[in-house]
Amino acid sequence: MRMRTRSHLDERIAACEKLIMESFDTSFSGGMPLHIEIGCGKGRFITETAKLNPDIKYIAVEKVSNVIVLAMEKAAKAELENLKFMRGNFQIIAEDIPDKSVDRIYLNFSDPWPKKGYAKRRLTHGGFLEIYKRILKDDGEICFKTDNRELFDFSLESFPENGFTLSEVTFDLHNSGFEGNIMTEYEERFSQMGTPICRLVAKL
Ligand SMILES: C[S@@+](CC[C@H](N)C(=O)[O-])C[C@H]1O[C@@H](n2cnc3c(N)ncnc32)[C@H](O)[C@@H]1O
């Protein structure tokens, strides 16, 4: 949806105030498992996932305001108590996340940054994996889905190089027998175009 003016966007974000976590709040999880999605986009995945799992707390991180507002509006409609949003770059947000406090990280259709010079921006680059290693609990895991085969192949190497063990690796998720998949907006678009979806789980 196109924003009419910047102030209109600000108003819409302000209307979702209750869903925004300005800085990481350790009391939010309150002893319940904590799952984070980095780059939630328009938020279908995290909203549907949070609806199905009221006993898990979710934080959705997204750096683009025009996009996160759509995700927050979806969550507001669903009146979810277990989902909060953090606006900004995950690298900065992560500085306030305590060690070993996160049970699962979702990376869905992360930007591929195909040029070698931008490899460090990939959310599965070693620099990010070091952050995930610090904030994940010992039995924590990362669930990663993408349509981008180059990014997937890169990740198949970067996770093990950084001490992660891979499981549930598939190059065609929708024909893999995997049950309970929740489609993201990007996933729907790419799978409708016939692009196979890759998925893996990485554990420490
Ligand atoms: C290609 S989109 C996919 C959106 C959604 N996950 C989906 O599958 O429909 C990637 C999203 O990740 C966000 N993103 C990328 N890097 C990020 C970072 N370091 N911190 C926060 N958000 C990020 C982008 O702004 C973008 O909205």
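Preceding this paragraph is the structure being described.
Residues numbered from 1 in each chain as written. Predicted model: local features only at pLDDT ≥ 70, side-chain atom pairs only at ≥ 80, totals over all residues. Heavy atoms only, no water.

Peer 1: Looking at this structure, I do not really get the overall build of the protein chain. What am I missing?
Peer 2: Helices and strands together make up the secondary structure of the protein chain, namely 7 helices and 7 strands. Ordered by position in the sequence, the α and β elements of the protein chain form the string α-β-α-β-α-β-α-β-α-β-α-β-α-β. Buried positions account for 47% of the 204 residues belonging to the protein chain. A separation of at least 24 residues holds for 75% of the contacts in the protein chain among residues at least 6 apart in sequence. Here the protein chain displays about 10800 Å² of accessible surface, and carbon together with sulfur accounts for 49% of that area. In the protein chain, 29 positive and 32 negative side-chain charges are present, and the distance between their average locations comes to 5 Å. (Helix = DSSP H or I, 4+ residues; strand = E, 2+ residues; numbered from the N terminus. Buried < 20%, exposed > 50% of the residue type's maximum accessible area, 1.4 Å probe, protein only. Contact = heavy atoms within 4.5 Å. Areas by Shrake-Rupley, 256 points an atom, 1.4 Å probe, with all protein chains shown as cover. Lys, Arg positive; Asp, Glu negative; His and termini not counted. Charge placed at Lys NZ, Arg CZ, Asp CG, Glu CD.)

Peer 1: Please clarify how the site of the ligand should be interpreted in this entry.
Peer 2: Around the ligand sit 18 residues, and of these Gly39, Glu62, Asn108, Phe109 and Thr184 come closest. At 2.6 Å, a side-chain N or O of glutamate 62 approaches an oxygen atom of the ligand. Protein chains bury 93% of the 600 Å² of accessible surface belonging to the ligand in isolation. For the shell around the ligand, the elements supplying multiple residues, two or more each, are helix H4 (90-93) and helix H7 (185-192). Residues belonging to the shell around the ligand are distributed by class as follows: 6 nonpolar, 7 polar and 5 charged. (Near = heavy atom within 4 Å. Polar contact = N/O pair within 3.5 Å; in protein donor to acceptor, adjacent residues only side chain to side chain. Nonpolar A, V, L, I, M, F, W, Y, C, P; charged D, E, K, R; others polar.)

Peer 1: I'm lost on the packing of helix H2 (residues 44-52) against helix H3 (residues 65-78) in this one. Help?
Peer 2: Each pair of packed helices can be described by the angle between their axes along with the distance between the axes. Taken N-terminus to C-terminus, the directions of H2 and H3 make an angle of 20°; their axes are 9 Å apart at the nearest point. One element, H2, and the other, H3, form an angle in the roughly parallel class. As H2 packs across H3, the resulting crossing turns out to be right-handed. Judged by residue contacts, Arg44, Thr47 and Lys51 of H2 engage Ala71, Lys74, Ala75 and Ala78 from H3. (Axes fitted to C-alpha atoms, helices over the stretch in contact; angles between N-to-C directions. Parallel < 35°, antiparallel > 145°, perpendicular 65-115°, else oblique. Left-handed = near helix turned anticlockwise from the far one by under 90°.)

Peer 1: What should I look at first to understand the pairing of strand E4 (residues 102-108) in this one?
Peer 2: Across a regular strand the side chains alternate sides, sitting on one face of the sheet and then on the other. Of all 7 residues making up E4, 6 are buried, and the element is well covered by its neighbours. Here E4 runs beside strand E5 (residues 136-146); their pairing, made up of 6 bridges, is parallel. Opposite leucine 107, over in E5, you have phenylalanine 144 as the bridge partner. Each parallel crossover has a hand, and the one from E4 via helix H5 (residues 126-135) to E5 is right-handed. (Pairing = 2+ DSSP bridges. Right-handed = clockwise from strand over helix to strand, strands pointing away.)

Peer 1: In this structure, what is going on with the packing of aromatic side chains? I would like to understand it.
Peer 2: Aromatic ring pairs are reported here in terms of the distance separating the ring centres and the angle at which the planes meet. Across all of its chains, the model carries 9 aromatic pairs by this definition. When the centroid spacing of 6.0 Å and the interplanar angle of 50° are considered together, the rings of phenylalanine 90 and tyrosine 132 count as tilted. Taken together, the residues phenylalanine 90 in helix H4 and tyrosine 132 in helix H5 connect sequence positions 42 residues apart. Under the relative-accessibility criterion, phenylalanine 90 is labelled buried at 3%. Judged by relative accessible area, which is 0%, tyrosine 132 ranks as buried. Taking 6.1 Å as the distance between ring centres and 25° as the angle between the ring planes, the aromatic pair formed by phenylalanine 144 and phenylalanine 152 counts as stacked. The structure contains a cluster of three or more aromatic residues connected by ring pairs, namely Phe144, Phe152, Phe159, Phe164 and Phe171. Geometry around phenylalanine 154 places arginine 122 over its ring, the cationic atom sitting 4.5 Å from the centre. Over the ring of tyrosine 186 we find arginine 189, and its NZ or CZ is 4.8 Å from the ring centre. (Phe/Tyr/Trp six-rings, centres within 6.5 Å; stacked < 30°, edge-to-face > 60°. Lys NZ or Arg CZ within 6 Å of the ring centre and 35° of its normal.)

Peer 1: Can you walk me through the side chain of asparagine 108 in this structure?
Peer 2: Note that asparagine 108 resides in strand E4. At 2.9 Å, the side chain of asparagine 108 forms a polar contact with the side chain of glutamate 37. Leaving out residues up to four positions away in the same chain, asparagine 108 has contacts with Glu37, Gly39, Phe45, Lys145 and Thr184.

Peer 1: Is there a simple way to think about the pattern of salt bridges in this case?
Peer 2: Side-chain pairs of opposite charge can arise whenever the charged atoms involved come near each other. On inspection of all chains with the given rule, the structure shows 13 salt bridges. Of the charged contacts in the structure, one is a salt bridge between lysine 137 and aspartate 103, with a shortest N-O distance of 3.0 Å. Taken as a pair, lysine 137 in strand E5 and aspartate 103 in strand E4 lie far apart in primary sequence, 34 residues in all. Residue classification places lysine 137 among the partly exposed residues on the basis of a relative accessible area of 27%. (Salt bridge = Lys/Arg side-chain N within 4 Å of Asp/Glu carboxyl O.)

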